[in-house]
Every structure is written in C-alpha cells, then in structure tokens.
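# Understanding the architecture of this molecule
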Amino acid sequence: MPLDKVLEAVVVTGTDPLALARRFGTDPARAMRRLATLPADAPCGSVGLAICDASGVFTFRKPLPDFPIPRFGADCPLWPLFAALSRPMSVLSRVLQSAGRQSGAVTAMAFAQPSGPPQVNREPVFEAHMMIAPAGPRSSETPEDVGITCRICPRAACPARREPSLLGDGLAQGF
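Here's a quick rundown of the structure. Since the model is a prediction, treat every value here as computed from it, not as a measurement. Residue numbers here run from 1 along each chain, matching the order of that chain's written sequence. pLDDT decides what is reported in this predicted model: residues at 70 or higher carry local features, side-chain atom pairs at 80 or more are listed and counted, and totals for whole chains, interfaces and linings draw on all residues regardless. Calculated side-chain values reflect all of the structure's heavy atoms, with hydrogen atoms and water omitted.

## Side note on the side chain of histidine 129
Selection criterion: By the criteria applied, helices consist of DSSP H or I runs no shorter than four residues and strands consist of E runs no shorter than two, each listed in order from the N terminus. A 1.4 Å probe rolled over the protein chains alone gives each residue an accessible area, and that area as a share of the maximum for its type sets the label: buried under 20%, exposed over 50%, partly exposed in between. Distance and chemistry together define a polar contact, namely a pair of N or O atoms within 3.5 Å, with one atom able to donate a hydrogen and the other to accept it when in protein, and with adjacent residues in sequence counting only for side-chain atoms on both sides. Whether two residues are in contact is decided by their heavy atoms, any of which lying within 4.5 Å being enough.
With respect to the element layout, histidine 129 can be found in strand E5 (residues 126-134). In this structure histidine 129 comes out as buried when scored by relative accessible area, which is 0%. A distance of 2.9 Å separates a polar atom in the side chain of histidine 129 from a polar atom in the side chain of arginine 33. Apart from the residues within four sequence positions on either side, histidine 129 is in contact with Ala29, Met32, Arg33, Leu49, Ala50, Ile51, Leu81, Met109, Ala110 and Phe111.

Below you can see the structure in the form of structure tokens.
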C-alpha cells in the first residue's frame, strides 16, 4: 500500500478501512494500520489505532486527543477491540465517547484475525485491531459511553467494572 496511492485513495474512501482494503486487495487490519500511519496532514485526517493480542495486552497504540489509550493497567472491556476477539473475522463498528469527558465522539472499527499462518493441530492465535477516527457531524448514531480504564471512569453502574474508580465512591460500594 504505497503512500502516494493511499493518499489518492483516501480522498474517495476517507477513513473507511473496508473500502480501502477492497481497493488494495488486502485485509481490514492492514488497511487500519496503513490509515493510522498516514501523515498528520493526510486528506482523511488523523486516525488512532489500538492492537492487542489474544490476552488483551496492547502490542501497538496510537491514541487520539478525543480518545486516549492508557499506557498501563486494564482498559475498558466495553471497547469493540475486545468484543472482536470473540467474533474473529467480523468487523464491528461503534460510535464511542469517553465517559465523563467533554470530548468529541469517535467511530471505532474493530477486527480480529489470526496473527500467523494456519498450523496443523494448532488453534489460531488471534490479534485484534481497533481503528479510531472522529465520528464527524453527520454521524446519526448516539455515542456509547465507555471508559478509558476503570480507575478513572465515572460510570458507577457499569456492568463491566473490575475495580473501583478513583473519581467516585466505588470503595463505599463494596469494592
């Protein structure tokens, strides 16, 4: 996916990794990686990316100002990145907003695929990619509030909470 050809293509495809993958005959994960590594002044704007292995540990992270990705600790289990690991080879798309932050909404697209070639009598090892791009003013989907990490998430009634928040009274709620 040569830079000059991709820069021409994103004028038409924007940040749609599926359209870009079809255009270049590749998989969505590769298209997501290419979009995230474009120069900051690319016609499609800046794109963030998180890649994790099957254990959920980040192997690559490129945050956006409206959607930070923590360097340490557990991330929000509600991100589509982690749902993609249970639905490999399916593209999941959600409009997200960081709970409690006055930030813009982002569109997150996630895709999990085997990280290597098939092997006889071996289960595949999966890797998940989640591309993050500004949702834009024309997005009709209501953003889903997600956290960055439980320790700094203000959502008290989150069903996925795994530790108390430093921002509220989580300690008083039995954690």
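There is more to say after this.
## With respect to helix H3 (residues 28-36)
With 7 of 9 residues buried, H3 lies mostly within the body of the structure. Within H3, burial applies to Pro28, Ala29, Ala31, Met32, Arg34, Leu35 and Ala36. Where H3 is buried, its residues touch helix H1 (3-13), helix H2 (17-24), strand E1 (48-53), strand E2 (58-62), strand E4 (106-114) and E5. Its side-chain oxygen placed 3.1 Å from the backbone nitrogen of alanine 29, aspartate 27 serves as the N-cap of H3.

So, to be careful, I would describe these as geometric facts and stop short of saying anything about function.
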